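# Structure assessment
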Amino acid sequence: MNYFIKAFLLSIIFFIKLFSVNAQSNFVDGFYINQKGDTVHSKVKYYSNINSYRFCEILTKDGKTTTYFPNEIKGYGYKNDASYSSNAIDSLFLKNIIKGEISLYEKQNVYYISTKDTVYQIKNSSELEERNGKTYITNKNVWKGQLYYLARNNAQLNELIDQLYFRKKDLKKFVIQLNKDIDANYTNLDIQSKLDKFDWGLRVGQQFNQLTKTTKNNYPLINDLYRSQSQTISIFAVYNVPEFSKSLSFNAEVLLSKIKYTGSRIDSSSRPINQYETNFNYFQVSTPIYLSYRLNQNKLFINVIAGANTQININDEYTTKRTTIVGEYEQESTEQSFIPYNFQPGILIGFSIGLQLKAVEIGIDTRYIRFSKLNKELNLFVNQQHINSGFYIKF
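Residues numbered from 1 in each chain as written. Predicted model: local features only at pLDDT ≥ 70, side-chain atom pairs only at ≥ 80, totals over all residues. Heavy atoms only, no water.

### Digging into the environment of Tyr 78
Relative to the helices and strands, Tyr 78 is located in strand β5 (residues 75-78). Tyr 78 has contacts with Val 28, Asp 29, Gly 30, Phe 31, Val 44, Lys 45, Tyr 46, Tyr 47 and Tyr 84, leaving out every residue within four places of it along the chain. (Helix = DSSP H or I, 4+ residues; strand = E, 2+ residues; numbered from the N terminus. Contact = heavy atoms within 4.5 Å.)

### Examining helix α2 (residues 142-151)
All buried positions along α2 are accounted for by Trp 143, Lys 144, Leu 147, Leu 150 and Ala 151. Buried residues along α2 cover an arc of 115° about the axis, so they all sit on one side. (Buried < 20%, exposed > 50% of the residue type's maximum accessible area, 1.4 Å probe, protein only. Arc of directions from axis to C-beta.)

### Considerations on the packing of α2 against helix α3 (residues 155-162)
Contact geometry of α2 with α3 gives a least axis separation of 9 Å together with a crossing angle of 165°. On the basis of their axis angle, the class for α2 and α3 is roughly antiparallel. As for how α2 packs across α3, the hand of that crossing is right-handed. Where α2 abuts α3, its residues Lys 144, Leu 147, Tyr 148 and Ala 151 lie against Leu 157, Asn 158, Ile 161 and Asp 162. (Axes fitted to C-alpha atoms, helices over the stretch in contact; angles between N-to-C directions. Parallel < 35°, antiparallel > 145°, perpendicular 65-115°, else oblique. Left-handed = near helix turned anticlockwise from the far one by under 90°.)

### A word on the pattern of salt bridges
Pairing between side chains becomes possible if they bear opposite charge and their charged atoms approach one another. Here the structure, examined in full by the defined rule, presents 5 salt bridges. Through salt bridges with shared partners, a single ionic network connects Lys 168, Lys 172 and Asp 190. (Salt bridge = Lys/Arg side-chain N within 4 Å of Asp/Glu carboxyl O.)

### With respect to the confidence of the model for the protein chain
The predicted model of the protein chain averages 76 in pLDDT, with 69% of residues at 70 or higher. Of the regions scoring below 50 in pLDDT, residues 18-24 engages in 11 contacts with residues more than four places distant in sequence or in other chains. (pLDDT = per-residue confidence, 0-100.)

### Section: the side chain of Arg 294
With respect to the element layout, Arg 294 can be found in strand β18 (residues 289-294). Here Arg 294 falls in the buried class, since its relative accessible area comes to 15%. Discounting chain neighbours no more than four positions away, the residues touching Arg 294 are Ser 247, Phe 301, Ile 302, Asn 303 and Gln 356.

### Side note on helix α4 (residues 168-181)
Each α-helix turn comprises 3.6 residues. Residues three or four places apart therefore point the same way. End to end, α4 covers 20 Å across 14 residues, agreeing with the expected 20 Å (1.5 Å per residue, within 8%). Among the residues of α4, those classed as buried are Asp 170, Leu 171, Lys 172, Phe 174, Val 175, Ile 176, Leu 178 and Asn 179. Once α4 ends, the next one or two residues include Asp 183, with phi positive near 55°. (Expected span 1.5 Å × (residues − 1).)

### Quick look at the packing of aromatic side chains
According to the stated counting rule, one finds 9 aromatic pairs in the structure shown. On the numbers, 5.8 Å between centres and 85° between planes, the contact of Tyr 53 with Tyr 84 is edge-to-face. Of the two residues, Tyr 53 sits in the loop between β2 (39-45) and β3 (56-59) while Tyr 84 sits in strand β6 (residues 83-85), which places them 31 residues apart along the sequence. Like Tyr 84, Tyr 53 is buried. Look at Trp 143 and Phe 166: their rings are 5.5 Å apart centre to centre, the planes differ by 65°, and that puts the pair in the edge-to-face class. Placement of Trp 143 in helix α2 and of Phe 166 in the loop between α3 and α4 is noted, with a sequence separation of 23 residues between them. For the residue pair Trp 143 and Phe 166, the accessibility class agrees, reading buried in each case. Here a set of aromatic residues connected by ring pairs shows up, and it is made of Tyr 53, Tyr 76, Tyr 78, Tyr 84 and Phe 93. In this structure, Lys 107 packs its charged tip against the face of Tyr 53, placed 5.6 Å from the ring centre. Above the face of the Tyr 149 ring, Arg 152 is positioned so that its terminal group lies 4.4 Å from the ring centre. (Phe/Tyr/Trp six-rings, centres within 6.5 Å; stacked < 30°, edge-to-face > 60°. Lys NZ or Arg CZ within 6 Å of the ring centre and 35° of its normal.)

### Some thoughts on the nonpolar core
Ranked by size, the top nonpolar core spans 22 residues in total, and within it Leu 104, Ile 113, Ile 122, Leu 147, Leu 171 and Phe 174 carry the most contacts. Here this core takes 5 residues from α4, the largest share from any one element. Leaving out residues up to four positions away in the same chain, Leu 171 has contacts with Leu 104, Tyr 111, Ile 122, Trp 143, Leu 147 and Phe 166. One finds Tyr 32, Tyr 46, Tyr 53 and Phe 55 within the second-largest nonpolar core, a separate group that totals 15 residues. (Core = buried A, V, L, I, M, F, W, Y, C linked by side-chain atoms within 4.5 Å.)

### Here's the deal with the side chain of Glu 57
With respect to the helices and strands, Glu 57 occurs in strand β3. Buried and unpaired, Glu 57 has Lys 45 as its nearest opposite-charge partner, separated by 4.1 Å. Excluding its chain neighbours within four sequence positions, the residues that come into contact with Glu 57 are Phe 27, Lys 43, Val 44, Lys 45, Tyr 47, Thr 65, Thr 66 and Thr 67. (Lys, Arg positive; Asp, Glu negative; His and termini not counted.)

### Some remarks on the pairing of strand β9 (residues 110-114)
Burial runs high along β9: 5 of the 5 residues are buried. Pairing of strand β8 (residues 103-107) with β9 involves 5 bridges; the strand directions are antiparallel. Paired with Ser 103 across the strands is Ser 114, a residue of β9. Taking the residues that link successive antiparallel strands as the turn, the β8-β9 hairpin has 2 residues, and the phi of Gln 108 there is positive, at about 50°. As paired elements, β9 and strand β10 (residues 119-122) share 4 bridges and run antiparallel to each other. The residue of β10 that forms the bridge with Ser 114 is Val 119. Here β9 folds back onto β10, and the loop between the two strands holds 4 residues. (Pairing = 2+ DSSP bridges.)

### Topic: the environment of Lys 79
Relative to the elements of secondary structure, Lys 79 occurs in the loop between β5 and β6. Linking Lys 79 and Asp 29, residues 50 residues apart in sequence, is a C-alpha distance of 5.6 Å. Apart from the residues lying within four places of it in its own chain, the contact partners of Lys 79 are Asp 29 and Gly 30.

Here is the structure:
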């Protein structure tokens, strides 16, 4: 088996072992509020999907799991993260945004404003309209009508509503102003985590390179197999989408590596005998674009990554040399250079393990990268494979 594939399979086994050690991965520090109103601190299962609105799972001290539904407890939450309440709608947990005499809750881009005696569902809606033989999508600002009703002809609030868009930060602004107008206390429970913005980081790594000739054309100047090692350094940017999933992020990276392949072989079957030498020496700039999915929400966590990659070779030296040997003497030496094939697409898959600290995230990762073409003019196809293991820090 290709030693590259062996190395990658060993990496997979390593991360699976780590994941099994962290078997209770999705239980994090948190709390729940029982029917008496008492806050009980416990380990709470972390959900970033629709399940967080349906039920709450608690890990007891003896390792057993207890499930609570909205009609059984008043709410639950995670330490330094989101919290949920069931006092607005009995059948659902709603995410707390603003808690006060007038409160704001959220469930998957649908909002609820709760007063002493009424809960208003605030959601955006649209309809299809036919105009001049074409179909258009028109937004219906019914939600603004609800806000005008809550404003009770308050000129200042009405002016504020005119400027609002259907988004969380605007609805927060409105509910906060409602509480201020009646001199009511309120608490902002909307946790603004690092996931609400772009992150960036640096990465250094050790790369194992392999180039295998697969072309069917008879091109004897290139060896069948080359292997080398190189160091890499990269800078990357991360865009998180917490509204969709706290586990998923989009990543773009610029990675620089110095790659060198050298080889020599003698074709003793030819007459006269030919000796072939190759020297590939270049800087490679790769631009990986990939998705990263976080498997668990503990401080120690595991990511899987998959995406695409393109590469550009700069300051390159691609030369081949053929020497004809007659007896013990070199009779003729011919050197040839060619231009490598840039901007070719490739695949990228991998795993990482990270540790979330207060200000930064650190981790190690292993990636498998593959390209398919070396030279366009010669139609020379190869498997360019890289196993890249590195250390990263994300700010």
